[in-house]
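# Fold and geometry: a report
Here's the letter readout for the chains.
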Amino acid sequence: MTDKKPAEATGNFCNSCGRNIAAIKNSVTFKCPNCSSMISRCGKCRSRSVQYTCKVCGFLGP
Ligand SMILES: [Zn+2]
Ligand SMILES: [Zn+2]
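Described in the following lines is the structure provided in the data block. In this text, all values refer to a predicted model and were calculated from it rather than measured experimentally. (Residues numbered from 1 in each chain as written. Chains lettered and ligands numbered in written order. Predicted model: local features only at pLDDT ≥ 70, side-chain atom pairs only at ≥ 80, totals over all residues. Heavy atoms only, no water.)

For the zinc ion (ligand 1), the full set of protein donor atoms is Cys14 (SG), Cys17 (SG), Cys42 (SG) and Cys45 (SG), and the range of their distances to it is 2.2 to 2.3 Å. Seen from the zinc ion (ligand 1), its 4 donor atoms lie at angles of 104 to 114°, and the figure they make is tetrahedral. Along the chain, the residues donating to the zinc ion (ligand 1) fall in the pattern C-x2-C-x24-C-x2-C. Taken together, the residues span a long stretch of sequence, with Cys14 in the segment before β1 (28-31) and Cys42 in the loop between β2 (38-41) and α1 (43-47) at a distance of 28 residues. The two residues Cys14 and Cys42 agree in class, both being buried. (Donors = N, O, S within 2.8 Å, 3.2 Å for Na, K, Ca; no water. Tetrahedral: all angles 85-135°; square planar, octahedral: opposite > 155°, others 65-115°. Helix = DSSP H or I, 4+ residues; strand = E, 2+ residues; numbered from the N terminus. Buried < 20%, exposed > 50% of the residue type's maximum accessible area, 1.4 Å probe, protein only.)

Pasting the structure below:
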């Protein structure tokens, strides 16, 4: 569950829980409001309103 991934792969994994978003419905990929780097969140974390953190600029969002 905690195996390391290349930084380039972050677009396909939930920013909050690390799951592969392709396997979870209602998942989204969007740009960081602060620095425009790509952030992905799975449907489960969206429904729970889990916070996400931009790994590039440290932006914390709902
Ligand atoms: Zn998640
Ligand atoms: Zn950012």
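Coordination of the zinc ion (ligand 2) by the protein comes from Cys32 (SG), Cys35 (SG), Cys54 (SG) and Cys57 (SG), over a distance range of 2.3 Å. Classification of the site at the zinc ion (ligand 2) as tetrahedral follows from its 4 donor atoms and the range of 107 to 114° in their angles at the metal. All donors to the zinc ion (ligand 2) come from one chain, and their sequence spacing reads C-x2-C-x18-C-x2-C. Of this pair, Cys32 sits in the loop between β1 and β2 while Cys57 sits in the loop between β3 (52-53) and β4 (60-61), and the two are 25 residues apart along the sequence. Accessibility expressed as a relative area gives 2% for Cys32, which makes it buried.

This brings us to the packing of aromatic side chains. Within the structure shown, the criterion is met by 2 aromatic pairs. When the ring of Phe30 is compared with that of Tyr52, the centres are 5.3 Å apart and the planes differ by 75°; the resulting orientation is edge-to-face. Within this pair, whereas Phe30 is found in strand β1, its partner Tyr52 is found in strand β3, the two being separated by 22 residues in sequence. With a centroid separation of 6.3 Å and an interplanar angle of 40°, the aromatic rings of Tyr52 and Phe59 are classed as tilted. In this structure Phe59 comes out as partly exposed when scored by relative accessible area, which is 29%. Grouped by ring-pair contacts, the aromatic residues Phe30, Tyr52 and Phe59 constitute a single cluster. (Phe/Tyr/Trp six-rings, centres within 6.5 Å; stacked < 30°, edge-to-face > 60°.)

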